[in-house]
Amino acid sequence: MPSPESRLSPVPAMQPIRTLAVTGGKGGVGKTNVSVNLAVALAELGKRTLLLDADLGLANVDVLLGLSPRYTLADLVAGRCTLEEVLIEGPAGLLVVPAASGRRHMAELHPAEHVGLVNVFSDLERDLDVMVVDTAAGITDSVLTFCQAAQDAAIVVCDEPASITDAYALIKVLSRERGVNRVQVIANMVRSQNEGRGLYDKLSRVCERFIGDVSLNYLGAVPQCDWLRLAVQRQQAVVRAYPASPSARALSEIARRAARWQAPAAPRGNVEFFVERMIRQGAPA
Ligand SMILES: Nc1ncnc2c1ncn2[C@@H]1O[C@H](COP(=O)(O)OP(=O)(O)OP(=O)(O)O)[C@@H](O)[C@H]1O
Ligand SMILES: [Mg+2]
């Protein structure tokens, strides 16, 4: 007969939230579509998911999901609303933090505003498994900071010379200046699986040769797909609007792969931790 003590289960440790920043260097490679669909697919897999629109200049996560936010990240930073008020619910119970579109002054947050973000994120009392962060185009300080603060950065590339050179430049800065030594790669708008693999091989060769201290991991390829464009027009995630389409299947598969990732060796806390880390590392010296 087990003693009463042995029947008591240990207090479950708080599961560290997984954070994935989706980036790419170049504009228009599909970062927002990849972020939105990965987040929706992860939510459909039962992961409690938060999608943070960190494209502070030209936000459009809410547009892609057909949401009409009352408040945005700009209101949050300015203290005009609480985090609970800025969160809106998307498909499959996904939580979305929308950004303010076309607000130039939001494009680069000041350190004082970062502190505001820490305070509000620490108010978040919901349990989360995954946070997906959609970042802006370019290799700006805020993009680097979001990537550095996340446990994983997924770089979206497509078959254009500028996409590969921008992805390479971004990985180089992340590695040399921000200590990021692991990068996930997603090929988008590919015409074949081989094309996706070829893009990854090309990027990985150049990184190995000229950067060295960074390991790349191929997450897979998303085909060029008219269903995805149609879903964009209908302001829905393709994984929901057309789940059987080639792009939706590929994105769902990538989400399943991402959901199976090993938890980081050292527990890294929660959303609050993510934001604090982001701020500490992003604050100007
Ligand atoms: N797999 C795909 N198949 C077909 N069209 C796609 C695919 N991925 C993205 N697109 C199209 O490419 C365009 C750009 O996509 P998206 O907005 O996701 O890119 P982005 O990298 O977030 O751009 P930005 O740098 O402006 O933030 C969109 O109009 C979208 O419809
Ligand atoms: Mg975008």
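The name given to the protein in an unreviewed UniProt entry is P-loop NTPase, and the organism recorded there is Luteimonas endophytica.

Engineer: What is the right way to look at the overall build of the protein in this model?
Structural biologist: When helices and strands are tallied, the protein shows 13 helices and eight strands. For the protein, with 285 residues in total, the buried portion stands at 44%. When contacts within the protein are restricted to residue pairs at least 6 apart in sequence, long-range pairs at least 24 apart make up 79% of them.

Engineer: Hey, could you run me through helix α7 (residues 141-149) in this one?
Structural biologist: Because the α-helix completes a turn every 3.6 residues, residues three or four places apart line up on one side. With seven of its nine residues buried, α7 lies for the most part within the structure. Restricting attention to buried positions, one finds in α7 the residues Ser142, Val143, Leu144, Thr145, Phe146, Cys147 and Ala149.

Engineer: What am I meant to see in the site of ligand 1 here?
Structural biologist: Taken together, 19 residues surround ligand 1, and among them Gly27, Gly30, Thr32, Asn33 and Ala137 come closest. Across the shell around ligand 1, the residue classes break down as seven nonpolar, nine polar and three charged.

Engineer: I keep staring at the sheet that holds strand β4 (residues 95-97) and nothing clicks. Help me out?
Structural biologist: Strand pairing within a sheet occurs via backbone hydrogen bonds; the two strands may be parallel or antiparallel. Overall, mixed pairing links the eight strands, which are arranged β3-β4-β2-β5-β1-β6-β7-β8 in an open sheet. The open sheet has two edge strands with one neighbour each: β3 (88-89) and β8 (215-223). Examined bridge by bridge, strand β2 (residues 49-54) and strand β5 (residues 130-135) share six bridges and lie parallel to one another. Looking at β5, one finds that Leu50 is bridged to Met131.

Engineer: How should I be thinking about the nonpolar core in this particular structure?
Structural biologist: Side chains of a nonpolar character, in soluble globular proteins, are inclined to be buried together. The biggest cluster of nonpolar side chains holds 81 residues, and the ones touching the most others in it are Leu38, Val133, Ile155 and Val157. A per-element tally of this core places helix α2 (residues 31-44) first, with eight residues. Leaving out residues up to four positions away in the same chain, Val133 has contacts with Thr19, Leu20, Ala21, Val22, Leu52, Ala54, Phe146 and Ala150.

Engineer: Even after reading the chapter, I still don't get unusual backbone geometry, so can you show me in this structure?
Structural biologist: Excluding glycine, residues mostly carry a negative phi; peptide bonds, for their part, are mostly trans. Despite not being glycine, Met189 shows a phi value in the positive range, around 55°. Note that Met189 resides in strand β7 (residues 182-190). For Met189, a count of 23 C-beta atoms within 10 Å puts it in the buried group. The backbone phi angle of Gln235 is positive, close to 55°, even though this residue is not glycine. Among the secondary structure elements, Gln235 is positioned in the loop between α10 (226-233) and α11 (238-241). Judged by the 13 C-beta atoms lying within 10 Å of it, Gln235 falls in the partly exposed class.

Engineer: How should I be thinking about the pairing of β8 in this particular structure?
Structural biologist: The two faces of the sheet receive side chains in turn, since in a regular strand these alternate between them. Relative to β8, β7 runs parallel, the two sharing eight bridges. Within β8, the position partnered with Arg182 by the bridge is Ser215. Since β7 and β8 lie parallel, the crossover through helix α9 (residues 193-210) that links them has a hand, and here it is right-handed.

Engineer: How should the packing of helix α8 (residues 161-178) against α9 be read in this particular structure?
Structural biologist: Helices that pack against each other are described as a pair by the angle of their axes relative to one another and the distance between those axes. At a minimum axis separation of 10 Å, α8 and α9 run at an interaxial angle of 40°. Comparing their axes, α9 and α8 come out oblique. The handedness of the crossing between α8 and α9 comes out as right-handed. Contacts from Ile164, Ala167, Tyr168 and Ile171 in α8 reach Leu199, Lys202, Leu203, Val206 and Cys207 in α9. Residues belonging to the contact of α8 with α9 are distributed by class as follows: eight nonpolar, no polar and one charged.

Engineer: Sorry if this is basic, but what is going on with the environment of Asp152 here?
Structural biologist: By the element assignment, Asp152 lies in strand β6 (residues 152-157). Separated by 31 residues in sequence, Asp152 and Val183 have C-alpha atoms that sit 6.6 Å apart. Discounting chain neighbours no more than four positions away, the residues touching Asp152 are Leu20 and Gln184.

Engineer: What should I look at first to understand helix α12 (residues 246-259) in this one?
Structural biologist: For α12, with 14 residues, the first-to-last C-alpha span of 20 Å sits near the 20 Å given by 1.5 Å per residue. All of the buried residues in α12 are Ser247, Ala248, Ala250, Leu251, Ser252, Ile254, Ala255 and Ala258. On its buried face, α12 sits against β1 (18-23), α2, β7, β8, α10 and α11.

Engineer: What exactly am I supposed to notice about the packing of α7 against α8 here?
Structural biologist: At their nearest, the axes of α7 and α8 sit 11 Å apart, and the two run at 70° to each other. The orientation of α7 relative to α8 falls into the category roughly perpendicular. Here the hand of the crossing between α7 and α8 comes out right-handed. Between α7 and α8, the contacting residues are Leu144, Cys147 and Gln148 on the first element and Val173, Leu174 and Arg178 on the second. A class-by-class count of the residues in the contact of α7 with α8 yields four nonpolar, one polar and one charged.

Rules used in this analysis
- Residues numbered from 1 in each chain as written.
- Chains lettered and ligands numbered in written order.
- Predicted model: local features only at pLDDT ≥ 70, side-chain atom pairs only at ≥ 80, totals over all residues.
- Helix = DSSP H or I, 4+ residues; strand = E, 2+ residues; numbered from the N terminus.
- Buried ≥ 20, exposed ≤ 12 C-beta atoms within 10 Å, placed from the backbone.
- Contact = placed C-beta atoms within 7 Å.
- Near = placed C-beta within 6 Å.
- Nonpolar A, V, L, I, M, F, W, Y, C, P; charged D, E, K, R; others polar.
- Pairing = 2+ DSSP bridges.
- Core = buried A, V, L, I, M, F, W, Y, C linked by C-beta atoms within 7 Å.
- Right-handed = clockwise from strand over helix to strand, strands pointing away.
- Axes fitted to C-alpha atoms, helices over the stretch in contact; angles between N-to-C directions.
- Parallel < 35°, antiparallel > 145°, perpendicular 65-115°, else oblique.
- Left-handed = near helix turned anticlockwise from the far one by under 90°.
- Expected span 1.5 Å × (residues − 1).

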